[in-house]
Amino acid sequence: LASFLLATYLFRSTKEKPLTTPFPETPISPSKVTPMQIANPIAGWKTYADPEGYFVFQYPSTWQVLDNDYYNALEIANESKTVKILLSKGTYPYGENSPEADAELVRSETIAIGENNYNITEYILGNQEIYFDIDLNTVLGYHISLATTKVSEYDRLNDVIRTIFSTFKFKN
């Protein structure tokens, strides 16, 4: 019994003892506090204003806004033209040749375009290209679609595309 008590005493006495002196407090002076800067995701972007005054939007300075005579639409394209967003007045830019016929529905969700929410429907085509469609008929009869684009490019630029959409402002 004596050896058990001696072992218990030695075990307890070798354990780490709690720190009894507190860490010195170092006051933080207000001059050393730096406010957190939040990056503006559209800083340095260009602004496009519709010549008829119906809408305005912003887009990255490396992208282009062009007239697409083939689809009778305004085209917002990245620098390598691998992503092309088409904005057409009135009719659907593909006419009767909709890519949806041979496509698999990926998702349908609501996204913000300007101050309103709209339904975006995304499709994957057999050749691993993606296409989307947004019907803005409730706003000036416009239609937004994505010219078929490789899925990897769309995934890489999806945040930029959605940020472009969020900058739209429509004339009421």
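Structural data are supplied above this passage.
Quick summary incoming for the structure in this document. (Residues numbered from 1 in each chain as written. Predicted model: local features only at pLDDT ≥ 70, side-chain atom pairs only at ≥ 80, totals over all residues. Heavy atoms only, no water.)

Below, the discussion takes up unusual backbone geometry. Although it is not a glycine, Lys81 sits at a positive phi angle of roughly 60°. On the secondary structure map, Lys81 appears in the loop between strand E4 (73-77) and strand E5 (84-89). The exposure class assigned to Lys81 is partly exposed, which follows from its relative accessible area of 38%. (Helix = DSSP H or I, 4+ residues; strand = E, 2+ residues; numbered from the N terminus. Buried < 20%, exposed > 50% of the residue type's maximum accessible area, 1.4 Å probe, protein only.)

Attention now moves to the sheet that holds strand E2 (residues 55-59). Judged by pairing direction, the sheet is antiparallel, and its three strands sit side by side in the order E1-E2-E11 without closing on themselves. Both edges of this open sheet fall to strand E1 (46-49) and strand E11 (169-170), since each of them pairs with a single strand only. Summarising the sheet, E2 and E11 pair through two bridges and their orientation is antiparallel. Each residue of the ladder has a partner; that of Phe55, found in E11, is Phe170. (Pairing = 2+ DSSP bridges.)

Glancing now at the pairing of strand E6 (residues 103-113). For E6 and strand E7 (residues 116-125), the ladder comprises 10 bridges, and the chain directions are antiparallel. Following the sheet pairing, Glu109 is matched in E7 by Ile120. Hairpin connection of E6 to E7: two residues between the antiparallel strands, including Gly114 at a positive phi of 65°.

Quick look at the pattern of salt bridges now. Inspection of the entire model under this criterion finds five salt bridges. Between Arg162 and Glu122 there is a salt bridge, and its shortest N-O distance comes to 3.0 Å. With a gap of 40 residues between them, Arg162 in helix H2 (residues 151-166) and Glu122 in strand E7 connect regions that are remote in the sequence. By relative accessible area, Glu122 is classed as buried at 0%. In this structure, Glu153 engages Arg156 in a salt bridge whose closest nitrogen and oxygen atoms are separated by 3.1 Å. Of this pair, Glu153 and Arg156 both sit in helix H2, three residues apart, which is roughly one turn of the helix. We classify Arg156 as exposed; its relative accessible area is 53%. In this structure, a network of salt bridges that share partners links the residues Arg107, Glu109, Glu122 and Arg162. (Salt bridge = Lys/Arg side-chain N within 4 Å of Asp/Glu carboxyl O.)

In short, shape yes, function no, at least from these values alone.
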